[in-house]
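# Descriptive structure summary
So you can see what is in the structure, the chains are spelled out below.
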Amino acid sequence: MISNKAPSKTAQPKTPELMPNILLAKSSMPGMKDWTGSCHLVGHTAAVLQSVTILVDTLKDFWISQFGLSCSFEELRATARLAAYLHDWGKANNHFQMVVRNDLKSLDPEYRRNPMQQPQMIRHEVASALLAWDFREWLQQCPNADFMTALAAAGGHHLKMGGKQGKDTGEFGELRDGSGETGIHWYVCHPYFKKLIRYGIRTLGLPREVRVKGIKSWWDVQTVKNKRFEILDEAFADWEPDEALLAVVKALLIAGDSIGSASSQSSINLQEWMVKELEQRLTIEDLQKVIDARRGPHELRPFQVDLGNSSKRVTLARAGCGTGKTLGAYNWAKTRAVGRKLFFCYPTTGTSTEGFLDYVQDEVESVLLHSRANVDLEMATTGEEGENGAEWTIDDETGKLIQVHENEAAKKLDSFKAWGPKVSVCTVDTVLGLLQCNRRPIYCFPSIAQAAFVFDEVHCYDEALFGALLRFLKLVKAPVLLMSASFLPWQLQAIEDAVGESVEIVQGPKDLEEKPRYRFNLKEQPDWERVEQEMGAGGKVLWVCNQVNVAIAVYQEAQRRGLNSVLYHSRFRYEDRVVHHRAVVNGFKRDNPPILAIATQVAEMSLDLSATLLVTQIADPAGLIQRLGRLNRQYCGHTLDAMFYPPESHYPYEEDVLKQGAKLIESFSGEVNQAQLAAWLEQSNEQGKPKTRMVLLDGKWRTYPAALREAGYTVTALLDVDKHHWQGAKTSDLARFAVPLAAKKTAHWERHKKGYPIAPKEEWRYSRNIGAQEVK
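Reference entry: report on the structure contained in this document. (Residues numbered from 1 in each chain as written. Predicted model: local features only at pLDDT ≥ 70, side-chain atom pairs only at ≥ 80, totals over all residues. Heavy atoms only, no water.)

### Details of the overall build of the chain
In plain terms, the rule: Numbering of helices and strands starts at the N terminus; helices are DSSP runs of H or I of at least 4 residues and strands are runs of E of at least 2. Any residue under 20% of the maximum accessible area for its type is buried, any over 50% is exposed, and the rest in between are partly exposed; the area is computed with a 1.4 Å probe on protein chains only. Residue exposure ignores everything except the shown protein chains as possible cover, and the areas themselves are Shrake-Rupley values with a 1.4 Å probe.
Looking only at helices and strands, the chain features 32 helices and 26 strands. Counting over 776 residues, the chain shows a buried share of 61%. Summing over all exposed atoms, the chain offers an accessible surface of approximately 31,200 Å²; the carbon and sulfur share of this is 47%.

Right, dumping it as structure tokens:
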């Protein structure tokens, strides 16, 4: 029996002007008959519950094996369905119902005077958890379901529970004192809420008799505060959840809610679409087609064959640059990924784009997934070739975390692209970001849940990213291939500890790795005469700098000397950066004229080219080895020169790191090969400190996006000097004009309505040849 007892005289409620006839969950779209079907609370709940059920049932054969769940399939299914049933209960209140109708006249006049005030005292998903806690005696009787797990998942399904701006607040949702309201009316006696109760009885097998103690239809502000403390103290204080079950149910609910919400706006049967897309999985024929297209008339190398014969769940491919690791990975997948989807994960957007274009674009149903993939693909195939909020992404230059601003609906739609394709080529963030509750990976979860995984360039991971990889290996029991030029002893031990068993290490081809490729030359200053000599002989020169401003200065000097040169760094508008990337790659093709490419750290991973001379500033040892991987990549039969010189500033590295880089260079004389460099790196006594705390696994009731990588020093901004380009642009097109800037003082910058900061023209200028430059 649900009580509707009036509140005490000390807390008189403001009675709403009119109780709505229908409890809504969604607003109507233009052209849609108002508030029908899945727009109302019961219909939307049913759509999300159906979507979650289809996800669980379609992937039935994967849940236990993929995540090592200790519960039964029936328990997972019941818990996920209960979470879906509860997720929007909190919309049954006067605040939400006025907002969803855009009917704010019933709110306090203070809100109408100041629209920046929040019209809802608490978010609806927080309200869902608080209201469900009051119904716990009834809900705990749901057959086979884990009520606490369902409750935590429901409370966090919009990724705003317990954290803000990537930091733990410890608060059970935000209390918005600026709403101007003195309390909340709950429509628990409304006919639609009673329909919702009956739906739960009929669909989930809940008891017909609903026993609820002391439920009230009016909560004043103090009651709301007390309820938030109560649920933490009584429900979650000593709760020790099953980490894997909780992670899976949270991700299932968010993905199911995204597709269930879309069902009210789509003319197609999304449930049928889900099954069709998710059941597309790799066959041996698919992978053989990729292999045959890449290898041409050549046989696979022995180590590529060995990768395909690996019987371990986790395999490590230790091989240098240009040895054919990627082709070997697809041969590995022919054994380990058949009957699954495949995620091929690269460290940067540039490397993932190249991996997509070079291997799978035209060979198997595939998709390129990263925040700027649409721009990459458009530029690669046209004449160029020849609730809003901040989202985490990575700077290809520093490998550090930065923020971009994108439309959440666009993220959902982009992520749905991963549900069908058999192969997803992506940045590592698309997969490991799941553990930090990043939006795109969670929306991709139905594909991740049935996939095998390849992680390339693992030696480039920072401590935060490597820590996420370790937690992923422990959580996800899928086949995994880790590829790197080297693995440090502590990394190997950490990987085996995470996997819980020994891993197989497949060594790269000795005949290639032991070929003498490099001749080291340590200089006080760069030797321009040597550069001009190399180009005069028809050579291709790669010059790598540690800072953008240094690279620009080198480019300007090259132009002054009349050299055919191109500049490539991360501080371009993204569409211009794609042009420069392709100009570098195409310029290094064998039949093209001599060229000098001046780049920053973007060259360490995203450029698949073979230079005849390398000029580089001293950097970290791993970065130097990566830069050397672009020299003599297509082995010419003898050693080629690598010239190193010290930078004027240690930024962006620590001074001790540069000393280690110099030590690497000084350790070798005469002819040097890849095997020697890898052995030097692996003899290091360095002990890493991977950061392994992940919100999805360790946050318990908390669910909020946090940084996957270590923070960088850049901010992604629009340029005021570019206003004629981006003004009026669609949200999906803004990424074309955004530029990562090394700017620390941005508080005074204006903001675009979609969240991007706008760099003033008095501080930053831009040209298509040079990119963004700070005005001194």
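### Topic: the sheet that holds strand 24 (residues 757-759)
Selection criterion: In this analysis, strands are considered paired if DSSP registers two or more bridges between them.
One open sheet holds the 4 strands; their spatial order is 22-21-24-23, and the pairing between them is mixed. Single-partner strands in this sheet number two, and they are strand 22 (739-741) and strand 23 (750-751). Here strand 23 pairs with strand 24 via 2 bridges, running antiparallel. Residue pairing in the sheet places R751 in a bridge with P757 of strand 24.

### Section: the pattern of salt bridges
Heads up, the condition is: Salt bridges are defined as contacts in which a side-chain nitrogen from Lys or Arg sits within 4 Å of a carboxyl oxygen from Asp or Glu.
Taken as a whole and judged by the stated rule, the model has 30 salt bridges. We note a salt bridge from K91 to D88, for which the minimum N-O separation is 2.8 Å. For K91, a relative accessible area of 2% translates into the label buried. Here D722 ties to R573 by a salt bridge, and the two come within 2.9 Å at their closest N and O atoms. Of the two residues, D722 is situated in the loop between strand 21 (715-719) and helix 32 (723-726) and R573 in the loop between strand 16 (565-568) and helix 27 (574-587); the sequence distance between them amounts to 149 residues. Of the two residues examined, D722 and R573, each falls in the buried class.

### Considering the sheet that holds strand 19 (residues 640-645)
The cut-off we apply is this: What makes two residues a contact is simply this: any of their non-hydrogen atoms within 4.5 Å. An axis is simply a line fitted to the C-alpha atoms; with a helix, the fit covers only the stretch in contact. Between two such axes, the angle follows the N-to-C directions and lies from 0 to 180 degrees.
The 7 strands lie next to each other as 16-17-15-18-19-14-20, forming an open sheet whose pairing is mixed. Sheet topology places strand 16 and strand 20 (671-672) at the edges, where each strand pairs with a single neighbour. Across 4 bridges, the pairing between strand 18 (residues 613-617) and strand 19 is parallel. Considered in strand 19, the bridge of Q617 is made with Y645. Across the sheet, helix 25 (residues 528-536) touches strand 15 (540-544), strand 17 (595-599), strand 18 and strand 19, and the angle it forms with strand 15 is around 150 degrees. Relative to the sheet, helix 26 (residues 548-560) contacts strand 15, strand 16, strand 17 and strand 18, its axis offset from that of strand 16 by approximately 170 degrees.

### Re the environment of I259
On the secondary structure map, I259 appears in helix 11 (residues 243-262). Residues I259 and S51, 208 residues apart in the sequence, show an inter-C-alpha distance of 6.9 Å. If near-sequence neighbours (up to four positions away) are discounted, I259 is found in contact with S51, L270, W273, M274, F416 and W419.

### Looking at the packing of helix 6 (residues 124-134) against helix 10 (residues 221-236)
Geometry of a packed helix pair, given as the angle between the helix axes and the separation of the axes. Rule in force here: The handedness criterion is simple: a crossing whose near helix is rotated anticlockwise from the far helix by less than a right angle is left-handed, and one whose near helix is rotated clockwise is right-handed. Amino acid classes used here: Ala, Val, Leu, Ile, Met, Phe, Trp, Tyr, Cys and Pro are nonpolar; Asp, Glu, Lys and Arg are charged; the rest, including Gly, are polar.
Orientation of helix 6 relative to helix 10, taken along the N-to-C sense of each, is 65 degrees, at an axis distance of 10 Å. Once helix 6 is placed against helix 10, the crossing between them reads as left-handed. Within the contact between the two elements, helix 6 uses A129, L130, W133 and D134 and helix 10 uses K227, R228, E230, I231, E234 and A235. A class-by-class count of the residues in the contact of helix 6 with helix 10 yields 5 nonpolar, no polar and 5 charged.

### Quick word on unusual backbone geometry
The linkage connecting Y651 with the following residue, P652, adopts the cis geometry, with an omega of 10 degrees. For P652, the location among the structural elements is in the loop between strand 19 and helix 29 (655-666).

### Some remarks on the pairing of strand 19
Put simply, the rule is: The handedness rule is simple: strands pointing away from the viewer, and a clockwise path from the first strand over the helix to the second, make the crossover right-handed.
Counting buried positions over the 6 residues of strand 19 gives 6, a clear majority of the element. Where strand 14 (residues 518-522) and strand 19 come together, 5 bridges link them in parallel fashion. Considered in strand 19, the bridge of L522 is made with F644. At this point the chain moves from strand 18, through helix 28 (residues 621-628), to the parallel strand 19, and the crossover so formed is right-handed.

### With respect to the environment of A127
Mapped onto the elements, A127 comes out in helix 6. A relative accessible area of 1% places A127 in the buried class. For the pair A127 and V224, spaced 97 residues apart in sequence, the C-alpha to C-alpha distance is 9.2 Å. Leaving out residues up to four positions away in the same chain, A127 has contacts with G90, I122 and W186.

### Re the packing of aromatic side chains
Filter applied, for reference: Classification of ring pairs uses Phe, Tyr and Trp, with its six-membered ring standing for Trp, and accepts pairs whose centres are within 6.5 Å; under 30 degrees between planes counts as stacked, over 60 as edge-to-face, and the remaining range as tilted. The criterion for a charge sitting over a ring is simple: Lys NZ or Arg CZ within 6 Å of the ring centre, and within 35 degrees of the ring normal.
This structure, assessed with the given rule, holds 25 aromatic pairs. Measuring from ring centre to ring centre gives 5.6 Å for Y85 and W89, while their planes differ by 75 degrees; the resulting arrangement is edge-to-face. Residue Y85 shares its accessibility class with W89, and that shared class is buried. Pairwise contacts between aromatic rings join Y85, W89, F135, F193 and Y199 into one cluster. The ring centre of W133 lies 4.0 Å from the NZ or CZ of R136, which sits over that ring. Geometry around Y192 places K195 over its ring, the cationic atom sitting 4.4 Å from the centre.

### Re a positive patch on the surface
Rules: By definition, no residue in a patch forms a salt bridge, and every one has over 30% relative accessible area; like charges are joined within 9 Å, nonpolar side chains (Val, Leu, Ile, Met, Phe, Trp, Tyr) within 5 Å. Charge convention: Lys and Arg are scored as positive, Asp and Glu as negative, and His as well as the terminal groups of each chain are ignored. Taken as the charge location is NZ of Lys, CZ of Arg, CG of Asp or CD of Glu.
Among the surface-exposed residues, K194, K195, R198 and R202 lie close enough to one another that they form a single positively charged patch. Inspection of the secondary structure puts R198 in helix 9 (residues 191-204).

### Some words on helix 22 (residues 463-475)
Applicable threshold: To estimate how far a helix should extend, the number of its residues minus one is multiplied by 1.5 Å. Here a polar contact means two N or O atoms within 3.5 Å. Within protein one must be a hydrogen donor candidate and the other an acceptor candidate, and residues neighboring in sequence count only if both atoms are side-chain atoms.
The terminal C-alpha atoms of helix 22, which comprises 13 residues, lie 18 Å apart, in line with the 18 Å expected from a rise of 1.5 Å per residue. Judged by how many residues are buried, helix 22 sits mostly within the fold: 11 of 13 residues are covered. Every buried residue of helix 22 is accounted for by A464, L465, F466, G467, A468, L469, L470, R471, F472, L473 and L475. Here helix 22 starts with a cap whose side-chain oxygen sits 3.1 Å from the backbone nitrogen of A464, and that cap is D462.

### Digging into the nonpolar core
The criterion, for reference: To qualify as a nonpolar core, a set must consist of buried Ala, Val, Leu, Ile, Met, Phe, Trp, Tyr and Cys residues joined through side-chain atoms within 4.5 Å.
Counting 179 residues, the largest nonpolar core has W63, Y85, W89 and F455 as its most contacted members. Excluding its chain neighbours within four sequence positions, the residues that come into contact with Y85 are T45, L49, W138, L139, L196, I197, Y199, G200, L204 and L206.

### Regarding the pairing of strand 11 (residues 451-455)
Of all 5 residues in strand 11, 5 are buried, a share of seventy percent or more. Side chains A451, F453 and F455 of strand 11 all project onto a buried face; the interleaved residues A452 and V454 project onto the opposite face, where all are buried too. Both strand 6 (residues 341-346) and strand 11 contribute to a ladder of 5 bridges, which runs parallel. Its bridge partner lying in strand 11, F343 is registered against F453. In this structure, strand 11 lies alongside strand 12 (residues 480-484), joined through 3 bridges in parallel fashion.

### A word on the packing of helix 8 (residues 147-155) against helix 11
As a reminder of what qualifies: Note on angle classes: values under 35 degrees are labelled roughly parallel, values over 145 roughly antiparallel, values of 65 to 115 roughly perpendicular, and the remainder oblique.
Taken N-terminus to C-terminus, the directions of helix 8 and helix 11 make an angle of 45 degrees; their axes are 9 Å apart at the nearest point. Taken together, the axes of helix 8 and helix 11 are oblique relative to one another. Where helix 8 crosses over helix 11, the handedness of that crossing is right-handed. Between helix 8 and helix 11, the contacting residues are T149, A152, A153 and A154 on the first element and L245, L246, V249, K250 and L253 on the second. The residue inventory of the contact of helix 8 with helix 11, partitioned by class, reads 7 nonpolar, 1 polar and 1 charged.

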